[in-house]
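Structural features, examined
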Amino acid sequence: MNGSPLLEVSELTVHHGQLRALDQVSFRVSPGEVYAIIGANGAGKSTLLRTIAGLHRPSSGSIRYDGKDVTGTRPERRAAAGIVMVPEGRRLFPSLTLEENLQIGASHARRGQWTIPRVYELFPWMHDRKNQRTEQMSGGEQQSVAIGRALVANPRVLLLDELSLGLAPVVVQRIYGMLPQILATGLTVVIVEQDVSQALRVASHIHCLLEGRSTLQGTPGDVTAEQVEAAYFGLARQEDTALWHG
Amino acid sequence: MAWVNGIIQGILIGGLYALFACGLSLMFGVMKVVNLAHGDLAVIGGYIAVGVIAVTHVPVLLSFLIVVPLMALLGYVLQRTVIQAALNRGILTTLLVTFGLSIVIENGLLEFINANSHSLGVGNAMVTGSFKVSSQIQIAYLLLLIFAVAVAVLLGLQFFLTGSKYGRMIRAVADDREAAQLSGVDYRHVFGVAAAIAFGTVALAGIAYGMYSQFSPTTGTDTILLFAFAAVVIGGLGSLWGTLLGGVVLGVAQQIGAQINASDQLLAGYLVFLAVLVLRPQGLTARRAQT
């Protein structure tokens, strides 16, 4: 791969009615990266991810995917082209069985190595429970089904929105533990995560949002804990920190 | 014995009411559209059948082979244009738009055809005949046929919804259309397919009603839509087999009412409808309330 980005977000501004949820956010994601968007509640992380997936229309700015402008493309077209999101709150189809949920995911899939049997290999418990409805399953199991439903579409860019939300820490660990196996298939991942330490562990690049604006970008190795804290909360400005430490 | 006969006739007529109702239920279940033009569209199906029979001389019983595809096409087109445009502006707008559609259809029929009643009369002995079960119980072949068609339609819908790729997509879109979009499903197209199926059943309802009775431009709202609503509410919103149960309960209530006093037929049906609304608003087939 050359250095050209797979996903390029330029000066993206998104409004929810009067509220400006995102303000001039720009970044590039190269193939194979794990790009983490962190930030407090209401920072605009989910809005950013949903806009990349096509569920929100930006007021200005553009989104380029694989060299093509997809800013005005409908979400279902983006999904079929390879931008697939695991939405916040999992959003499985409650009246469908586990396998039917995966079949919907595969219904407009790109060609690729992810198939329903392959998902059953990744999550062996699913095979025995494929005819169950997903509403009877635990939160962690539902999250796994949601990931499986996204994988069978064979995405090039996988958008993961708040995987850890509402899950026990041990379950979160287990799900994030799957990430290397998923990445090994050549996916590029953009994650939104409130749990900063979790994000720093898995990400190759982090991007912090505060009230819709970018406050910090860099690799986990580049940034210090103080910088992340300052960017995350926006409380400690440069001079304040100097004052505290002085 | 007259009572037994009334109940049997009520059950059979319930099949016709289920045909009225299943399209209405499907459109509500999938798109959350309450189609107030539902009855008028059934009447259009009847008029199309009259025209098709006059032009092509197909037997009445086979007219559905032409009318159902035509109505299905109309359903897809209407959904993708007028109804989708209304949906984009909010669920309540669909009420206004389908109400407007209903008025346009009724007045269009009055203007361009006439106010006369039409029926799809069939000379066929199979259709006009009946057989005796006992001295007081006589079953018309036509009603039995309509009941069988209703059961076949519901079975077909059930197999389609649970067993086919499109059926699965319809259920997924009904559950969560945004999540379906994220899996690459174009929900507008799926809505169109669901509307096409609903309109296909509406066409069958119109033809069946035309063979059973006669229709005029206003039959759609003053009979078919009301009975369809009653059957859906009694049976339970969004439940397919509930529409058959609802239709049968409505039919039996009407026939029992007619036994008491011939003029109480409709009243008895609506009293049961009201009783269900008060005592069991989720309908007789207990299903989790749909969002």
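Everything quoted here is computed from the prediction, not taken from an experiment.

**Things to note about the overall build of chain B**
- Check the secondary structure of chain B and you find 12 helices and two strands.
- The linear arrangement of helices and strands in chain B, starting from the amino end, is α-α-α-α-α-β-β-α-α-α-α-α-α-α.
- In terms of overall dimensions, chain B is globule-like: its C-alpha atoms have a radius of gyration of 19 Å, near the 19 Å expected for 291 residues.
- Expressed along its principal axes, the backbone C-alpha trace of chain B runs to roughly 65 × 50 × 35 Å.
- Sorting the 291 residues of chain B into buried and exposed places 51% on the buried side.

**Structural notes on the packing of helix α2 (residues 38–56) of chain B against helix α10 (residues 219–235) of chain B**
Residue and element names in this part refer to chain B.
- Viewed as axis vectors pointing N to C, α2 and α10 meet at an angle of 115°, and their least axial separation amounts to 7 Å. The hand of the α2/α10 crossing is right-handed. Along its contact with α2, which presents H38, G39, D40, A42 and V43, the element α10 presents T219, G220, T221, I224, L225 and A228.
- Within the contact of α2 with α10, the residues separate by chemical class into five nonpolar, five polar and one charged.

**Thoughts on the sheet that holds strand β9 (residues 205–210) of chain A**
All names here are of chain A.
- Reading across the sheet, the six strands line up as β6-β7-β8-β3-β9-β10 and stay open at both edges, with mixed pairing between neighbours. The open sheet has two edge strands with one neighbour each: β6 (83–86) and β10 (213–218). Each strand of the sheet is rotated relative to its neighbour by a mean of 20°, with strand direction disregarded.
- With five bridges connecting them, strand β3 (residues 34–39) and β9 associate as parallel partners. Paired with I37 across the two strands is H207, which belongs to β9.
- The strands touched by helix α6 (residues 139–151) within the sheet are β6 and β7 (157–161), with β6 carrying the most contacts at an inclination of about 175°.

**Overview of the pairing of β7 of chain A**
Residue and element names in this part refer to chain A.
- When you tally the buried positions in β7, you get five out of five residues, the bulk of the element.
- In β7, alternate side chains face the same way, and those of V157, L159 and D161 on one face and L158 and L160 on the other are all buried.
- Where β6 lies against β7, four bridges are found, and the strand directions are parallel. Looking across to β7, one finds that V84 is bridged to L158.
- Two strands pair when backbone bridges link them, and β7 and strand β8 (residues 188–193) are joined in this way by five bridges, in the parallel orientation. Paired with V157 across the strands is T188, a residue of β8.

**Brief notes about the sheet that holds strand β1 (residues 7–16) of chain A**
Residues and elements named next belong to chain A.
- One open sheet holds the four strands; their spatial order is β2-β1-β4-β5, and the pairing between them is antiparallel. Only two strands of the sheet have a single neighbouring strand rather than two, namely β2 (19–29) and β5 (68–69).
- Pairing of β1 with strand β4 (residues 60–65) involves five bridges; the strand directions are antiparallel. Within β4, the residue paired with S10 across the bridge is S62.

**Focus on unusual backbone geometry**
Residues and elements named next belong to chain A.
- Although it is not a glycine, R90 sits at a positive phi angle of roughly 75°.
- Within the secondary structure layout, R90 lies in the loop between β6 and α3 (98–106).
- In this structure, E162 takes a positive phi of about 50° despite not being glycine.
- For E162, the position within the fold is in the loop between β7 and α7 (169–177).

**So, the interface of chain B and chain A**
- Of the residues lining the interface, 16 residues belong to chain B; the matching set on chain A comes to 22 residues.
- Of all the secondary-structure elements, those providing two or more residues to the side of chain B that touches chain A are α7 (165–175) and α8 (177–182) of chain B.
- With six residues, the top contributor of residues to the side of chain B that touches chain A is α7 of chain B.

**Observations concerning the packing of α2 of chain B against helix α4 (residues 91–112) of chain B**
All names here are of chain B.
- One can describe the packing of α2 onto α4 by two numbers: an axis separation of 9 Å at closest approach and a directional angle of 35°. As α2 runs across α4, the sense of the crossing is left-handed. Within the contact between the two elements, α2 uses D40, I44 and Y47 and α4 uses S102, I105, E106 and L109.
- Looking at side-chain class alone, the contact of α2 with α4 contains four nonpolar, one polar and two charged residues.

**Examining the environment of V172 of chain A**
Residue and element names in this part refer to chain A.
- Within the secondary structure layout, V172 lies in helix α7.
- Note: C-alpha distance between V172 and A231 (59 residues apart in sequence) is 24 Å.
- Each residue touching V172, except ones within four places of it in the same chain, is listed here: S164, L167 and Q198.

**Structural notes on helix α12 (residues 265–279) of chain B**
Residues and elements named next belong to chain B.
- The terminal C-alpha atoms of α12 lie 22 Å apart, and with 15 residues this matches the ideal 21 Å at 1.5 Å per residue to within 8%.
- What α12 keeps buried is the set A268, G269, V272, F273 and V276. Down the axis of α12, the buried set is contained in an arc of 140°. They therefore lie on one face. Residues L274, A275 and V278 are exposed on α12 and point more than 90 degrees away from its buried face.

**As for the confidence of the model for chain B**
- On average, residues of chain B carry a pLDDT of 91, and 96% of them reach 70 or more.
- Model confidence for the complex: the whole-complex pTM is 0.90, and ipTM, which rates the interface, is 0.89.

**Brief notes about the nonpolar core**
- Judged by nonpolar contacts, the single largest core of 163 residues is most densely connected at L159 of chain A together with L19, F20, A194 and A231 of chain B.
- Ranked by residues supplied to this core, first place goes to helix α9 (residues 187–212) of chain B with 17 residues.
- Those residues within four positions of A231 of chain B in sequence are excluded, and the remaining contacts are Y17, A18, F20, A21, T243, G246, G247 and L250 of chain B.

**With respect to the pairing of β10 of chain A**
All names here are of chain A.
- Bridge count for β9 against β10 is five bridges, and the pairing is antiparallel. Its bridge partner lying in β10, L209 is registered against S214.
- Counted along the chain from β9 to the antiparallel partner β10, the turn is two residues long, and its residue E211 has a positive phi close to 50°.

Cut-off values and rules
- Residues numbered from 1 in each chain as written.
- Chains lettered and ligands numbered in written order.
- Predicted model: local features only at pLDDT ≥ 70, side-chain atom pairs only at ≥ 80, totals over all residues.
- Helix = DSSP H or I, 4+ residues; strand = E, 2+ residues; numbered from the N terminus.
- Rg over C-alpha atoms; globule rule 2.2 N^0.38 Å.
- Buried ≥ 20, exposed ≤ 12 C-beta atoms within 10 Å, placed from the backbone.
- Axes fitted to C-alpha atoms, helices over the stretch in contact; angles between N-to-C directions.
- Left-handed = near helix turned anticlockwise from the far one by under 90°.
- Contact = placed C-beta atoms within 7 Å.
- Nonpolar A, V, L, I, M, F, W, Y, C, P; charged D, E, K, R; others polar.
- Pairing = 2+ DSSP bridges.
- Expected span 1.5 Å × (residues − 1).
- Arc of directions from axis to C-beta.
- pLDDT = per-residue confidence, 0-100.
- Core = buried A, V, L, I, M, F, W, Y, C linked by C-beta atoms within 7 Å.

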